[in-house]
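Each chain, written out:
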Amino acid sequence: MSDFAPLKGLRREMTREMFEELAALQCELPEILGYVGTTEDRLARWCRRNYRLSLADTLFMLRQDGLVEIRRASFEQLKKSATLIQQQFNRFLAARGDSAQEEARRLAREIFTLDDPESREVRELFE
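Residues numbered from 1 in each chain as written. Predicted model: local features only at pLDDT ≥ 70, side-chain atom pairs only at ≥ 80, totals over all residues. Heavy atoms only, no water.

Caption draft 1: Molecular detail of the overall build of the chain. Along its length, the chain carries 6 helices and 2 strands. Across the 127 residues of the chain, 20% fall into the buried class. Across the chain, contacts joining residues at least 24 apart in sequence account for 59% of those joining residues at least 6 apart. Carbon together with sulfur atoms contributes 56% to the accessible area of the chain, which is approximately 10,000 Å² in total. (Helix = DSSP H or I, 4+ residues; strand = E, 2+ residues; numbered from the N terminus. Buried < 20%, exposed > 50% of the residue type's maximum accessible area, 1.4 Å probe, protein only. Contact = heavy atoms within 4.5 Å. Areas by Shrake-Rupley, 256 points an atom, 1.4 Å probe, with all protein chains shown as cover.)

If you want it as structure tokens, here you go:
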């Protein structure tokens, strides 16, 4: 038996390419099992033969391809639209500004809520 033999399910035959595509599309395990018509045990054994990894590790690894593609597509869209660039710029700039503003407010609260010095201490300063 070849290491790269397709998995024969009740509904269809799944090749490595099909499995990698489904994982990149962020399909969940029950969706893949239902699409092919197989069990988790059979798919796990097939992954072990084809990828030399457990089913969970294989899915995790292959899903990263899909996440990278989503990021690439988003970046390409950003390049084409000045409006999207401005929105993203404002989003990231606002996020930084919010934390700086919060820090300034916190410091101001600390300064203004300091205990009033005793009159004796104030007199000592002026003497």
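Next comes the rest of the description.
Caption draft 2: Layout of unusual backbone geometry. Within the chain, Q26 stands out as a residue other than glycine whose phi angle is a positive 65°. Here Q26 shows up in the loop between α1 (16–24) and α2 (29–36). Among the residues examined, Q26 registers a relative accessible area of 27% and is labelled partly exposed. Positioned with a positive phi, R52 is a non-glycine residue whose angle comes to about 60°.

Caption draft 3: Focus on the pattern of salt bridges. Scanning the entire structure with this criterion turns up 2 salt bridges. The salt bridge involving R16 is made with E20; its shortest N-O contact spans 3.7 Å. Of this pair, R16 and E20 both sit in helix α1, 4 residues apart, which is roughly one turn of the helix. According to the relative accessible area criterion, R16 is partly exposed, its value standing at 21%. When the shortest N-O distance is used, the salt bridge between E69 and R72 registers 2.9 Å. In this pair, E69 and R72 both sit in helix α4 (residues 55–80), 3 residues apart, roughly one turn of the helix. Using a relative accessible area of 44% as the deciding quantity, one classes E69 as partly exposed. (Salt bridge = Lys/Arg side-chain N within 4 Å of Asp/Glu carboxyl O.)

Caption draft 4: Geometry of the side chain of T38. For T38, the position within the fold is in the loop between α2 and α3 (40–51). Relative accessible area serves as the criterion here: at 13%, T38 is assigned to the buried category.

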